[in-house]
Amino acid sequence: MSPISHDDLHRIFKNLDKNNKGIVNIEELHLLLEKIGVHTTSEELEKFVGKTSLDYIDFFFFYEAMVKAKIAGKESDEDSSDDLSKAFKVFDLNGDGYITCDELQSVLSRLGLWEKRSGQDCKDMIRVYDENLDGVLDFEEFKNMMSASSNSENI
């Protein structure tokens, strides 16, 4: 799991907080985790979090705990590779082994991380890591992107 900026984390929280009360319940958090390939039950998640809902501060600390656990190496390299494979499958919507611009934009939109007015083009995002210049990301290019993202965030 690579670190997410505070702005993006806040945007994700606001998208989860459907009723704009500043609270995200365990079910909403569970649905987000399922979307990104983290499989757990709502009961396990509630036990881990210790409450039935989270405000933004709780949500931030939950995220930080997840990142620190990852950085501390609590997961083996095999698990990390498996996590990358699961993450890749989240973006590879049609299962063809490649992430296209449309697939990237679709997933980022669902996660609340894509703003049309930002002017950012997903083709430019892909082009940075597209080593063979075919206009899509294969799994190896995706791994390199995630590795570079994780390294630049930790500097």
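Look above for the structure.
One structure accompanies this document, and this report is about it.

What counts and how
Residues numbered from 1 in each chain as written. Predicted model: local features only at pLDDT ≥ 70, side-chain atom pairs only at ≥ 80, totals over all residues. Heavy atoms only, no water. Helix = DSSP H or I, 4+ residues; strand = E, 2+ residues; numbered from the N terminus. Contact = heavy atoms within 4.5 Å. Areas by Shrake-Rupley, 256 points an atom, 1.4 Å probe, with all protein chains shown as cover. 1 Å grid on protein atoms, 1.4 Å probe; cavity = no way out; pocket = protein on both sides within 12 Å on 5 of 7 lines; lining within 4 Å. Points joined across faces, edges and corners; volume = space filled by probe spheres on them. Nonpolar A, V, L, I, M, F, W, Y, C, P; charged D, E, K, R; others polar. Patch = residues over 30% accessible without salt bridge, like charges linked within 9 Å, V, L, I, M, F, W, Y side chains within 5 Å. Salt bridge = Lys/Arg side-chain N within 4 Å of Asp/Glu carboxyl O. Lys, Arg positive; Asp, Glu negative; His and termini not counted. Charge placed at Lys NZ, Arg CZ, Asp CG, Glu CD. Buried < 20%, exposed > 50% of the residue type's maximum accessible area, 1.4 Å probe, protein only. Arc of directions from axis to C-beta.

Scanning the protein from terminus to terminus reveals eight helices and two strands. Along the protein, helices and strands appear, N-terminal first, in the series α-β-α-α-β-α-α-α-α-α. For the protein, the share of sequence-separated contacts (at least 6 apart) that also reach a separation of at least 24 residues comes to 51%. Split by element, the accessible area of the protein, about 9,800 Å² in all, is 52% carbon and sulfur.

With that settled, consider the layout of surface pockets. Taken as a whole, the second largest pocket spans an internal volume of roughly 200 Å³. Lining the second largest pocket we find Ile-12, Asn-15, Leu-16, Lys-18, Glu-28, Leu-31, Leu-32, Lys-35, Ser-109, Arg-110, Leu-111 and Gly-112. Secondary-structure elements contributing two or more residues to the lining of the second largest pocket are α1 (6-16), α2 (26-35) and α6 (101-110). Residue contributions to the lining of the second largest pocket peak at four residues, all from α2. Taken together, the residues of the lining of the second largest pocket sort by class into five nonpolar, three polar and four charged.

The next thing to look at is the environment of Leu-104. Counting through the fold element by element, Leu-104 comes out in helix α6. As a C-alpha pair, Leu-104 and Phe-91 span 13 residues in sequence and 6.0 Å in three-dimensional space. Apart from the residues within four sequence positions on either side, Leu-104 is in contact with Phe-91, Ile-99, Cys-122, Met-125 and Ile-126.

With that settled, consider a negative patch on the surface. A cluster of like negative charges, contributed by Glu-27, Glu-43, Glu-44 and Glu-46, occupies part of the molecular surface. Ranked by residues supplied to the negative patch, first place goes to helix α3 (residues 42-49) with three residues.

Turning our eyes to something else, we now look at α1. Residues of α1 that are buried include every one of Leu-9, Ile-12, Phe-13 and Leu-16, and no others. Each buried residue of α1 sits inside an arc of 100° when the element is viewed along its axis, so together they form one side.

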